[in-house]
Amino acid sequence: MTIKNVKLKVENLYKVFGDHPKKTISLIHKGLDKEAIFAKTGNTVGVNNASFEVYAGEIFVVMGLSGSGKSTLVRLLNRLIEPTEGNIWIDGQNITQMSDKELRQARRKKISMVFQSFALLPHMTVIENAAFGLTLDGFNKNQAQKEALDALEQVGLGTHANSYPSELSGGMQQRVGIARALATGSEIMLMDEAFSALDPLIRTEMQDELVKLQEKNHRTIIFISHDLDEAMRIGDRIAIMEQGNIVQVGTPEEILRNPETEYVEAFFKGVSMSEVLTAKNIINHKFFSVPKKGSQGLKTLSRLLDDSDFDYAYITTSDKRFIGVSTVESMQAAAKTTDKVEDSYLTGVTTIDADTPLNEVIGLMAEAPCPLPITNEKNEIIGILTRTKLLKALDPN
């Protein structure tokens with residue numbers, strides 16, 4: 001079992017806006033809801049007793065309707081808004097107890113933020129904008145721009161380093177904002193509705209880019225969104241907020257299968273399991289594979305498969321890259337005219353990337369003569385997808 005490293009931990013966090021925060025929290029403990037408290041005190045409960053953990057290297061999405069408290073929550077995490085009560089731990093350090101000097105250091109080294117508005121300075125070039133955080137941190141100009149250029153290359157804007165923000169599209173401007181956060185080297189990125197101002201097509205492209213960047217850089221990303229499709233597309237786990245409360249945390253699959261409240265159930269109503277689950281969610285790791293060798297003929301392979309108690313032999317290269325699939329019957333038929341293993345391969349077999357959504361797999365499985373091989377980013381076969389598992393996964397019950 002993989003042990004997950006907790007990067008950020010939130011413990012009993014409250015934020016009350018108004019003149020009587022302690023009285024408000026006592027009313028919360030007595031069971032009054034947000035509306036009743038406002039009517040009684042004039043205070044607004046922004047975040048109510050939030051507790052959760054974020055693992056190193058994951059994209060943790062916080063979502064909810066407008067006014068649910070998600071943007072307040074993300075600003076509490078780096079103390080842009082001061083908590084009323086509670087604790088926030090980053091790598092075991094409680095930032096709620098840090099001095100102003102310690103907090104400034106934590107913001108520079110540990111945690112950066114990407115806003116919905118691109119927040120670029122129009123009189124500065126792209127590279128100067130990307131290097132802005134580093135120059136504030138005391139880096140000399142050459143070193144700051146070297147780090148900034150590397151970050152711009154990562155987001156595909158290296159050739160636009162000397163352009164000005166007004167010369168870029170909205171999507172490109174948001175990439176500069178992400179590059180600025182990357183350039184600081186911060187381990188946690190807070191992203192508040194970062195893509196919501198973009199056109200739908202550009203937004204989807206940015207979501208895909210973010211996932212690629214996260215896989216490459218292994219940053220921990222806390223992403224605020226009101227868009228369910230976006231949350232499911234990029235989130236390793238999702239926290240659902242309602243009236244300042246975190247009502248459920250889990251993977252998209254966990255929440256979809258087991259919504260804990262009517263509010264969460266309504267949120268996910270109409271979402272198909274085929275859109276949420278991917279091939280890796282229903283992978284079968286038990287299969288028979290054989291690395292192809294030049295001296296290996298059909299008789300040898302047929303004997304190995306016959307002794308294996310499996311119906312199919314998945315032939316690979318020495319580094320586990322998929323080549324083809326054979327059965328005892330296909331090998332016996334081929335052996336009548338040849339001893340070449342490749343002449344026994346079944347037709348109509350295609351590999352499936354592990355991250356492929358199931359709704360893109362259904363058609364392939366319907367036509368396939370056998371369970372299809374699932375491959376990773378290195379094109380290595382890591383398992384197979386069977387019709388039985390696919391049908392069970394798609395069954396809402």
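Right above here is the structure, for reference.
All of these numbers come straight from a predicted model, not from anything done at the bench.

Visitor: Please explain helix α9 (residues 200-217) as it appears in this structure.
Guide: Given 3.6 residues to a turn, an α-helix orients residues that are three or four positions apart in the same direction. Here α9 contains 18 residues, and its C-alpha end-to-end distance of 25 Å stays within 8% of the 26 Å for a straight helix at 1.5 Å per residue. Those residues of α9 that fall on the buried side of the exposure criterion are R203, M206, Q207, L210, L213 and Q214. All buried residues of α9 project into a common sector of 130° when viewed along the axis, lining one side. Facing away from the buried surface of α9 by more than 90 degrees, the exposed residues are L201, K212 and K216.

Visitor: Help me understand the sheet that holds strand β15 (residues 372-375) in this model?
Guide: Strand pairing in a sheet relies on backbone hydrogen bonds, with the paired strands running either antiparallel or parallel. Strand order across the open sheet formed by 3 strands is β14-β15-β16, with mixed pairing between neighbours. Strands with a single pairing partner mark the edges of an open sheet, and in this sheet they are β14 (352-353) and β16 (381-385). By the bridge criterion, 4 bridges tie β15 to β16 in an arrangement that is antiparallel. Residue pairing across strands places L372 opposite L385, the latter belonging to β16.

Visitor: It is not clear to me how the pairing of strand β4 (residues 85-90) should be interpreted in this structure. Could you clarify?
Guide: One face of the sheet, then the other: side chains in a regular strand alternate in exactly this way. By the bridge criterion, 5 bridges tie strand β1 (residues 6-17) to β4 in an arrangement that is antiparallel. When the sheet's bridge partners are listed, V10 is paired in β4 with I88. By the bridge criterion, 2 bridges tie β4 to strand β5 (residues 93-94) in an arrangement that is antiparallel. The partner of I90 across the bridge, within β5, is Q93. Adjacent in sequence and paired antiparallel, β4 and β5 are bridged by 2 residues, among which D91 carries a positive phi angle near 50°.

Visitor: It is not clear to me how the packing of helix α1 (residues 21-29) against helix α2 (residues 34-41) should be interpreted in this structure. Could you clarify?
Guide: Each packed pair of helices is defined by two parameters, the angle between the axes and the distance between the axes. Close contact between α1 and α2 brings their axes to 10 Å; oriented N to C, the two are set at 140°. Between α1 and α2, the angle is such that the two are oblique. Seen from above, α1 lies across α2 with right-handed handedness. Listed contacts from α2 to K23, T24, L27 and I28 of α1 are I37, K40 and T41. A class-by-class count of the residues in the contact of α1 with α2 yields 3 nonpolar, 2 polar and 2 charged.

Visitor: What should I look at first to understand unusual backbone geometry in this one?
Guide: As a rule of thumb, non-glycine residues mostly have phi less than zero, and peptide bonds are mostly trans rather than cis. The phi dihedral of N12 is positive, around 50°, even though this residue is not glycine. Mapped onto the secondary structure, N12 falls in strand β1. On the basis of relative accessible area, N12 is assigned to the partly exposed category, the value being 40%.

Visitor: Just checking my understanding: could you explain the pairing of strand β9 (residues 237-242) for this structure?
Guide: Judged by how many residues are buried, β9 sits mostly within the fold: 5 of 6 residues are covered. Counting the residues between successive antiparallel strands, the hairpin from β9 to strand β10 (residues 245-250) contains 2 residues, one of them, Q243, with a positive phi of roughly 50°.

Visitor: What's the story with the nonpolar core in this structure? I'm lost.
Guide: Proteins that are soluble and globular tend to have nonpolar side chains buried together. One finds I178, M191, F195, F223, I240 and F268 to be the most contacted residues of the largest nonpolar core, which totals 64 residues. With 6 residues, the single largest contributor to this core is helix α8 (residues 170-183). Not counting the four nearest positions on each side in its chain, I240 is found in contact with M63, N245, I246, V247, Q248, I255, Y263, V264, F267 and F268. Ranked by size, the runner-up nonpolar core spans 29 residues in total, among them L8, F52, V74 and L103.

Visitor: What's the story with the environment of L157 in this structure? I'm lost.
Guide: Mapped onto the fold, L157 is located in the loop between α7 (141-154) and α8. Judged by relative accessible area, which is 2%, L157 ranks as buried. The contact partners of L157, leaving out residues within four places of it in the chain, are L152, M172, R175 and V176.

Visitor: Whenever I open this one, the side chain of E58 confuses me. Can you help?
Guide: Structurally, the position occupied by E58 is in the loop between β2 (44-55) and β3 (59-64). Polar contacts involving the side chain of E58 include one to the main-chain amide nitrogen of Y55, which spans 2.8 Å. Aside from chain neighbours lying at most four places away, what touches E58 is E53, Q214, R219, T220, I221, D236 and R237.

Visitor: Mind showing me how you'd approach the sheet that holds β5 here?
Guide: Strand order across the open sheet formed by 4 strands is β2-β1-β4-β5, with antiparallel pairing between neighbours. One side of each edge strand has no neighbouring strand; the edge strands of this open sheet are β2 and β5. Its contacts with the sheet put α1 on β1, β2 and β4, and the angle it makes with β1 is roughly 105°.

Visitor: Sorry if this is basic, but what is going on with the pattern of salt bridges here?
Guide: Two side chains that carry opposite charge are able to pair once their charged atoms sit near each other. Evaluated as defined, the whole model comprises 14 salt bridges. E187 serves as the salt-bridge partner of K7, at 2.3 Å between the closest nitrogen and oxygen. Of this pair, K7 sits in strand β1 while E187 sits in the loop between α8 and β7 (188-192), placing them 180 residues apart in sequence. Classification of K7 by relative accessible area gives buried; the value is 10%. R257 is the salt-bridge partner of E253, the closest N and O atoms lying 3.2 Å from each other.

Visitor: I tried to follow the packing of aromatic side chains on my own but got confused; where do I start?
Guide: The description of two aromatic rings rests on the distance between their centres and on the angle between their planes. Inspection of every chain in the model, using the stated rule, returns 4 aromatic pairs. Consider the rings of F52 and F60, whose centres lie 5.3 Å apart with planes at 10°: the pair is stacked. We classify F52 as buried; its relative accessible area is 6%. By relative accessible area, F60 is classed as buried at 0%. Positioned above the aromatic ring of F17 is the side chain of K15, whose terminal nitrogen or guanidinium carbon lies 5.3 Å from the ring centre.

Cut-off values and rules
Residues numbered from 1 in each chain as written. Predicted model: local features only at pLDDT ≥ 70, side-chain atom pairs only at ≥ 80, totals over all residues. Heavy atoms only, no water. Helix = DSSP H or I, 4+ residues; strand = E, 2+ residues; numbered from the N terminus. Expected span 1.5 Å × (residues − 1). Buried < 20%, exposed > 50% of the residue type's maximum accessible area, 1.4 Å probe, protein only. Arc of directions from axis to C-beta. Pairing = 2+ DSSP bridges. Axes fitted to C-alpha atoms, helices over the stretch in contact; angles between N-to-C directions. Parallel < 35°, antiparallel > 145°, perpendicular 65-115°, else oblique. Left-handed = near helix turned anticlockwise from the far one by under 90°. Contact = heavy atoms within 4.5 Å. Nonpolar A, V, L, I, M, F, W, Y, C, P; charged D, E, K, R; others polar. Core = buried A, V, L, I, M, F, W, Y, C linked by side-chain atoms within 4.5 Å. Polar contact = N/O pair within 3.5 Å; in protein donor to acceptor, adjacent residues only side chain to side chain. Salt bridge = Lys/Arg side-chain N within 4 Å of Asp/Glu carboxyl O. Phe/Tyr/Trp six-rings, centres within 6.5 Å; stacked < 30°, edge-to-face > 60°. Lys NZ or Arg CZ within 6 Å of the ring centre and 35° of its normal.

Geometry only, nothing functional implied.
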